[in-house]
Amino acid sequence: MSIIHPNTIKAIAQSVDIPKLSDEAAQTLAPDVEYRLREVVQEALKFAKHAKRTKLTTEDINDALRLRNVEPLYGFGSRDPAKFLRVATHPELMYVRDPELSYHELIEVPLSKLPREAGVAVHWLAVNGLIEAPLPKLPREAGVAVHWLAVNGVRRP
């Protein structure tokens, strides 16, 4: 007997466009799915142990899936572990709180400022003890400011 119920296998099959999975096929697939799931979780636990963590993260699961040449789970990456809450009427049932947001609140939030362009500022330099007076700054063009460089008494841009 498998921990994963054949009805769960049927529901997963329907979600991936396999509408008519027979009861016998679901009964046969349930132990294999459980075995594969245990393998992935055991590998993920090894990744967490090697990282000296006690909590299993989605990155550990993704690493275990990559180890098995399976495409990782997209959209579930987070550094914070999910906070599970117990249902009051059924103590064995748990859920993750997911608040509903209205589109109006999301649209009215002001956009964040764009980062400034990367720029380079080069200043004059004295080499071999020859110090040259600082030159006035040249106008910046395309984020780059150029100043004079004194090498062996010869000024170079």
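Here's what I pulled together on the structure shown here. In this text, all values refer to a predicted model and were calculated from it rather than measured experimentally.

**Comments concerning the overall build of the chain**
Next up, step 1: A tally of helices and strands in the chain yields 4 helices and 6 strands.
Next up, step 2: Secondary structure elements of the chain occur, N-terminal to C-terminal, as α-α-α-β-β-α-β-β-β-β.
Next up, step 3: Out of the 157 residues belonging to the chain, those deemed buried represent 15%.
Next up, step 4: Within the chain, counting contacts between residues at least 6 apart in sequence, those at least 24 apart form 27% of the total.
Next up, step 5: Carbon and sulfur atoms make up 60% of the accessible area of the chain, which totals about 13900 Å².

**Examining the nonpolar core**
Next up, step 1: Of all hydrophobic cores here, the largest spans 6 residues; its members are I4, I9, A13, L21, A26 and A30.
Next up, step 2: Counting residues per element, the ones that place at least two in this core are α1 (6-15) and α2 (23-50).
Next up, step 3: Setting aside chain neighbours within four positions, we find A26 in contact with P6, I9, K10 and L21.
Next up, step 4: Grouped together as the second largest cluster of nonpolar side chains are 5 residues, A44, I61, A64 and L65 included.

Scoring rules and cut-offs
Residues numbered from 1 in each chain as written. Predicted model: local features only at pLDDT ≥ 70, side-chain atom pairs only at ≥ 80, totals over all residues. Heavy atoms only, no water. Helix = DSSP H or I, 4+ residues; strand = E, 2+ residues; numbered from the N terminus. Buried < 20%, exposed > 50% of the residue type's maximum accessible area, 1.4 Å probe, protein only. Contact = heavy atoms within 4.5 Å. Areas by Shrake-Rupley, 256 points an atom, 1.4 Å probe, with all protein chains shown as cover. Core = buried A, V, L, I, M, F, W, Y, C linked by side-chain atoms within 4.5 Å.

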